[in-house]
Structure formats: C-alpha cells, structure tokens
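Secondary and tertiary structure notes
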Amino acid sequence: MTVTTPAGFRAAGVTAGLKNSGTPDVAVVVNDGPDVGVAGVFTSNRVKAAPVAWSEQVLHGGIVRAVVLNSGGANACTGPAGFQDTHATAEHAAAELTAQHPDQPFGAGEVAICSTGLIGERLPMDKLLPGVSAAIAGLTVDGGDAAAEAIMTTDTRPKTTVISGAGWTVGGMAKGAGMLAPAMATMLCVLTTDAVADPQTLDAALRAATRVTFDRVDSDGCMSTNDTVLLLSSGASGVTPTPDELTAAVTAACHDLAQQLIADAEGATKQIAIEVVGAAGEDDAVEVGRSVARNNLVKTALFGNDPNWGRILAAVGTTAAEFEPDAVDVAVNGIWVCRGGAAAEDRSKVDLTGRDVTIRIDLHAGATEATVWTNDLSHAYVHENSAYST
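Residues numbered from 1 in each chain as written. Predicted model: local features only at pLDDT ≥ 70, side-chain atom pairs only at ≥ 80, totals over all residues. Heavy atoms only, no water.

Concerning the overall build of the protein chain
Secondary structure summary: the protein chain contains 10 helices and 15 strands in total. For the protein chain, the C-alpha radius of gyration of 22 Å lies close to 21 Å, the compact-globule estimate for 390 residues. Its C-alpha atoms give the protein chain principal-axis dimensions of about 70 × 50 × 35 Å. For the protein chain, the residues scored as buried account for 57% of the 390 residues in total. In the protein chain, once contacts between residues fewer than 6 apart in sequence are set aside, the share between residues at least 24 apart is 80%. When the accessible surface of the protein chain is totalled, it reaches about 14700 Å², and 52% of it is carbon and sulfur. (Helix = DSSP H or I, 4+ residues; strand = E, 2+ residues; numbered from the N terminus. Rg over C-alpha atoms; globule rule 2.2 N^0.38 Å. Buried < 20%, exposed > 50% of the residue type's maximum accessible area, 1.4 Å probe, protein only. Contact = heavy atoms within 4.5 Å. Areas by Shrake-Rupley, 256 points an atom, 1.4 Å probe, with all protein chains shown as cover.)

Here is the structure:
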C-alpha cells in the first residue's frame, strides 16, 4: 500500500533532526526505470516556496529520477538563499545517487524537491544534507511506509494508497492536515506507477485526476505555498494501459488520498461531503460547494451538531452561480430541511451525531453536479493553529 508497491521504485525515510519532535523528517523516492516519465501539478499561490520553483523547472526537462522530500521546514519566503539551498539539496542527492549507481549518473536537474513545514525560515542544511545521504543509503523496495511517515507535519497518521490495474499498479503517498485549499492539489503527494506511459499521457491523467479530487478538498480555505503532486512512471511492468484506464487508476488513487486528508484534518470531528446538483455548469457547482465548505458559520454549526440550513443557503447566495433563490433545495444527511428556498422538513430529524455528514444542494438550474469535501471548524483547530510556530 505504498509508493514502492509498483515495480521499479525504492524509497526511504529517516530522522535528520529537522523536527523538534525527533520523528522522521527526510524521505527519498527513486525511480529505477526503465522509464523515467513524470508529470506534476503545483500550487497556484503566487507566493511559491523554493522547492516548488525548483521542481517546476525540473519538470520542464521531462525527466525525474528521484524526489527528495522533507518535513520540518517549508523553505518558503526564504529568498535567493532558500532557492540555493534547494539547488544544493538536488546536487547533493544527485551526487549520492551517482555514487550508488556510477554506471547511471544522476543530474541535479533530474531530482525534484518537496518541502513542508513552517514558512519563513531557512532549512538547517547541516542536518538536511546528511539526512539525504542516510535516506539514499537506506533506499529499499520496502521503504514506502517509512517515506510516508517522514513527510508528516501535523498529520496524525501516514497516508498511502495502491490501485491495481491489469498487470500494472499505481501507488501513492501524501501528507496534509491543514492549509488545505485548492487551485491545484492540496499538499505534498508522490504517485508512482509501473505502467508504460509517455509524459503527455501522464500529464493528462494527473490533471484529470486532481481536478475532481485534490482540487475539491477544501478543509480550511487556506492555500499553501508548497503544494506539489508528482506522478512518476517506471514502465517496469511492460504493460501499456489505455489513457482512460490510466486516468481511472490515478483518479482512484487521488480520491483515496484526498479522503484520507479530510479524515485527518486538523481538529476535525466531522467529515463533510457537499454535493451540488442541478447546476448550470461544473464551475457553478464547484463554486457553490466551495462557498459552503469555506463558510465558518456552517462549519461551526456542524461542529455543534446544528443543522442550520439557513447558513448554507446564505453561503450559496454569495456565489455568481446561476440559480433562483426561491428554487433551491437543501438536504442534510438525507433530510430535506429546505425546499424552494424555505423551511421544509423539521430540522430536528437531522442526525449529526456521527462523523460523516452529507449536504446536498439542488440548484434546479441545470444537469451538472460536483462534490466538494471539507470538515468542521472545532476548538482543537483553533488551538492547534494558534500556536503552530511557537
């Protein structure tokens, strides 16, 4: 159930001392080929971390043979020196990997870098680089679990997945428990496959997958500076799936990881699916779902087990989506508390005692639907984020 389940990949996770907790904080994933295809999507935040800027450049080259990831520091808002630290990390990793495989020398431009943690501080390179060396020395086909643990920040558990095809496999790992809002993905994620696929097919599959999964996870409305999702292909299975087959498998992997992210969101007591139906178009459906997902009054009401549908309708009304206010229906956990923009079934019938909540909004404006996933806003979320840097 890890990034090393597909053939052709090794990984490792080690403790380099970047985190005060003393838990693992450096991971490496290596693609041993024979193929080295890659696709990626990154944060659309205009304030981009140094590793995002570096990895975007690396992907222009079309080859990624290794990914170095660290928790314990985002290396964001660190200026030219921070970018040089990322460059130095890639060069160090390439040199170590070349020493391990002198017949197949690595270049720094074939190493993607991902970082996560506190924004605004440079990474301690005297700890990071030895950690990279240790991780590369410990690379193994069984190292996926350790790598997934090493990229966690406020996550309470690692997040991994495997989706099987006909003779080929997609694996993945992700981290993220807060600062989850889209316009790309929502966190750090490495996906691997041993399918044979060219970069164009990988890119199309990844973008189609993230559009309906990570792009629709909206935990707290806050967009990170470091969001990165990479898809690596080794081709080691020798099997070439159709583009539709590959897209379906990558989408399933992303969906599984996205649900794990919401389930582990900071302080969450509710896992909420906002289903918008009857929309005039996909953009309208997503905009309405996101507006409800980001509404603090809705999120706090659900934390208090209060089916306050008026707050939901008010959030819908802030959008530019096509609908008539007097035609909107709203159901909470299957109870249609609002019909035609007014009170319907007794809200006391709504059972919110469980963790899973479904809000269904029918705009009666068309035939399109979309789902956005979020969570409630709890005391624990406020507490955790009030002291994150201290």
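That covers the picture; the talk isn't over yet.
A short note on the pairing of strand 1 (residues 9–14)
With 5 of 6 residues buried, strand 1 is to be regarded as a mostly interior element. Where strand 1 lies against strand 2 (residues 26–31), 6 bridges are found, and the strand directions are antiparallel. Within the sheet, the bridge partner assigned to Val-14 lies in strand 2 and is Val-26. (Pairing = 2+ DSSP bridges.)

Concerning the sheet that holds strand 1
By way of backbone hydrogen bonds, the strands of a sheet pair with one another, either parallel or antiparallel. Taken together, the 4 strands give an open sheet; going across it, the order is 1-2-4-5, and neighbouring strands pair in mixed fashion. Of all the strands in the sheet, the pair left with one neighbour each is strand 1 and strand 5 (111–115). Going across the sheet, the axis of each strand differs from the next one's by a mean of 10°, ignoring polarity. Docked against the sheet, helix 3 (residues 125–137) engages strand 1, strand 2 and strand 4 (66–70), running at close to 45° with respect to strand 2. (Axes fitted to C-alpha atoms, helices over the stretch in contact; angles between N-to-C directions.)

Some thoughts on the pairing of strand 2
Burial analysis of strand 2 places 6 of its 6 residues in the buried class, the great majority of the element. Burial along strand 2 is two-sided: the face carrying Val-26, Val-28 and Val-30 and the face carrying Ala-27, Val-29 and Asn-31 are both buried. Judged from the 5 bridges that link them, strand 2 and strand 4 form a sheet pairing that is antiparallel. For Val-28, the partnering residue across the bridge sits in strand 4 and is Val-68.

Description of the pattern of salt bridges
One pass over the full model with this rule turns up 14 salt bridges. With a closest N to O distance of 2.7 Å, Asp-155 and Lys-159 form a salt bridge. Summarising the burial analysis for this pair, Asp-155 and Lys-159 share the class buried. Across the pair Arg-157 and Asp-264 runs a salt bridge whose closest N-O atoms are separated by 3.4 Å. Note that Arg-157 is positioned in the loop between helix 4 (144–150) and strand 6 (159–164) and Asp-264 in the loop between helix 6 (243–263) and strand 10 (271–279), a separation of 107 residues in sequence. For Arg-157, a relative accessible area of 39% corresponds to the partly exposed category. Sharing partners across several salt bridges, the network here consists of Asp-155, Arg-157, Lys-159 and Asp-264. (Salt bridge = Lys/Arg side-chain N within 4 Å of Asp/Glu carboxyl O.)

Here's the deal with the confidence of the model for the protein chain
On average, residues of the protein chain carry a pLDDT of 94, and 97% of them reach 70 or more. Confidence over residues 179–186 falls short of pLDDT 50; this stretch has 52 contacts with residues more than four positions distant or in other chains. (pLDDT = per-residue confidence, 0-100.)

Overview of the nonpolar core
Among the nonpolar cores identified, the biggest contains 53 residues, and Val-26, Val-64, Val-67, Leu-69, Val-111 and Met-173 are the most heavily contacted of them. Considering every element that reaches this core, the biggest residue donor is helix 3, with 6 residues. Listed in part, the 32 residues of the second largest apolar core include Ala-279, Val-286, Val-298 and Ile-335. (Core = buried A, V, L, I, M, F, W, Y, C linked by side-chain atoms within 4.5 Å.)

Considerations on the packing of helix 5 (residues 199–212) against helix 6
Their axes nearest at 8 Å, the elements helix 5 and helix 6 cross at an angle of 40°. On the basis of their axis angle, the class for helix 5 and helix 6 is oblique. When you trace helix 5 past helix 6, the crossing you get is right-handed. Across the interface between the two elements, Thr-201, Leu-202, Ala-205, Leu-206, Ala-208, Ala-209 and Val-212 from helix 5 touch Pro-243, Leu-246, Thr-247, Val-250, Thr-251 and Cys-254 from helix 6. Taken together, the residues of the contact of helix 5 with helix 6 sort by class into 10 nonpolar, 3 polar and no charged. (Parallel < 35°, antiparallel > 145°, perpendicular 65-115°, else oblique. Left-handed = near helix turned anticlockwise from the far one by under 90°. Nonpolar A, V, L, I, M, F, W, Y, C, P; charged D, E, K, R; others polar.)

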